[in-house]
Amino acid sequence: MERYKGVKFNYKQVAKSFTTAQEPLLQLNRWAYLFSQLGLTPVHSEGAYGNHSYRTGSSSFIITKSGMVPTEDVDEDSFAHIIAFENSANCFLFEGPSIPSSETLLHGLIYTSSPYITAILHGHCSLFLKYATALDLPITRTFHPYGTRELAESALDIINTSTRFFILRDHGFVALGESMEEAGNLTLDILTKLLQLIQKR
């Protein structure tokens, strides 16, 4: 896995805090914590390998911060509210005290291209990568470094209205949903299938 070196986009903080409904934030935090406990977003010295978000508007969304360490209780400092993206400057405008996740571009492009998607959960599991073909999971064509436009665009190449779970080649998995519950439960279903597959081998 590529060593984490921080975000690869420009960013501009437009407010030191954000206002959002508490229940969606609680749900997002719950899934982030659960994934970390299941090893789907391995925790390292600078945070966790993974990032999660939910849509708040046509082009805005709440996303976990860069280097978030998931905790059982909600810490609003662990999230950022993306309110706009300046494409020419490769710059995200955000609200909140913390820098948004390194994969914010991936989330942003998916929301823009797929208006029916309202939640994205992204994690890393070496067994998903190893058994992706056996599980019949869609896989992007080529590897790209984390946090890059190329990585985000490779995801768009395989997403259609029926795609809800796919593998970023040699990188990680992405679960999409019209709700966080849909994306989260889909991941758990595929994890169950993975464990059943391994047991049979």
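Refer to the structure above for everything that follows.
Thresholds, definitions, all that
- Sequence order sets the numbering: in each chain, residues are counted from 1 along the sequence as written.
- A pLDDT threshold of at least 70 governs which residues receive local features in this predicted model, and a stricter bar of 80 or more applies before side-chain atom pairs are shown or counted, although totals over entire chains, interfaces and linings include all residues.
- Side-chain calculation: all heavy atoms of the structure are included, whereas hydrogens and water are not.
- Residue exposure (1.4 Å probe, protein chains only): buried if accessible area is under 20% of the type maximum, exposed if over 50%, otherwise partly exposed.
- Every helix listed is a DSSP run of H or I at least four residues long, and every strand listed is a run of E at least two residues long, numbered separately from the N terminus.
- Think of the arc as the fan of directions from the helix axis to the C-beta atoms.
- A contact between two residues is defined here by any heavy atoms of the two lying within 4.5 Å.
- What makes a salt bridge here is a side-chain nitrogen of Lys or Arg within 4 Å of a carboxyl oxygen of Asp or Glu, nothing more.
- In the cavity and pocket records, a cavity denotes points on a 1 Å grid over the protein atoms alone where a 1.4 Å probe fits but cannot get out, a pocket denotes an open set with protein on both sides within 12 Å along at least 5 of 7 lines, and lining residues are residues with an atom within 4 Å of a point.
- Grid points are joined across faces, edges and corners, and a volume is the space filled by probe spheres set on the points.
- Each residue is assigned to one class: nonpolar for Ala, Val, Leu, Ile, Met, Phe, Trp, Tyr, Cys and Pro, charged for Asp, Glu, Lys and Arg, and polar for all the others, Gly among them.
- Definition used in this section: a nonpolar core is a set of buried Ala, Val, Leu, Ile, Met, Phe, Trp, Tyr and Cys residues joined via side-chain atoms within 4.5 Å.
- We treat two strands as partners when DSSP finds at least two bridges between them.
- Where helices are involved, their axes are fitted lines through C-alpha atoms of the stretch in contact, as for all axes, and angles between N-to-C directions lie from 0 to 180°.

Once that is clear, we can look at helix α4 (residues 149-156). Taken together, the buried positions of α4 are L151, A152, S154 and A155. Down the axis of α4, the buried set is contained in an arc of 160 degrees. They therefore lie on one face. Buried-residue contacts for α4 involve α2 (104-113) and β9 (165-168).

Moving on to the pattern of salt bridges. Per the counting criterion, the structure on display carries four salt bridges. With a shortest N-O distance of 3.4 Å, D157 and R141 are connected by a salt bridge. Note that D157 is positioned in the loop between α4 and β9 and R141 in the loop between α3 (126-130) and α4, a separation of 16 residues in sequence. Here D157 matches R141 in class, with each residue exposed. Across the salt bridge formed by R149 and E153, the nearest N and O atoms sit 3.7 Å from each other. On the criterion of helical spacing, the pair formed by R149 and E153 is a turn pair, its members being four residues apart in helix α4.

What follows concerns empty space enclosed by the protein. According to the stated counting rule, one finds one cavity of 30 Å³ or more in the structure shown. What the largest cavity holds in volume is close to 50 Å³. Every residue lining the largest cavity is listed: A32, T41, A48, G50, N51, H52, T64, M68 and P70. Split by residue class, the lining of the largest cavity holds four nonpolar, five polar and no charged.

This part takes up the nonpolar core. Soluble globular proteins tend to bury their nonpolar side chains together. Counting 29 residues, the largest nonpolar core has F128, L135, F165 and F173 as the members making the most contacts within it. When contributions to this core are tallied by element, the ones reaching two or more residues are α1 (22-37), β8 (119-123), β9, β10 (172-177) and α5 (180-200). Apart from the residues lying within four places of it in its own chain, the contact partners of F165 are F128, L137, P138, F173, V174, A175, L186, T187 and I190. With 23 residues, the next largest nonpolar core counts F61, F94, I159 and L168 among its residues.

So, about the sheet that holds β8. Across a sheet, paired strands are connected by hydrogen bonds in the backbone, their directions being either parallel or antiparallel. Ordered in space as β1-β7-β6-β5-β4-β8-β10-β9, the eight strands form an open sheet in which the pairing is mixed. The sheet is open, and its two borders are formed by β1 (10-15) and β9, each paired with just one other strand. For this sheet, the mean angle separating the axes of adjacent strands, direction not counted, is 25 degrees. Here β1 runs beside strand β7 (residues 91-95); their pairing, made up of five bridges, is parallel. Pairing of K12 across the sheet is with L93, part of β7.

Keep in mind that these numbers describe shape and distance, not what the molecule does.
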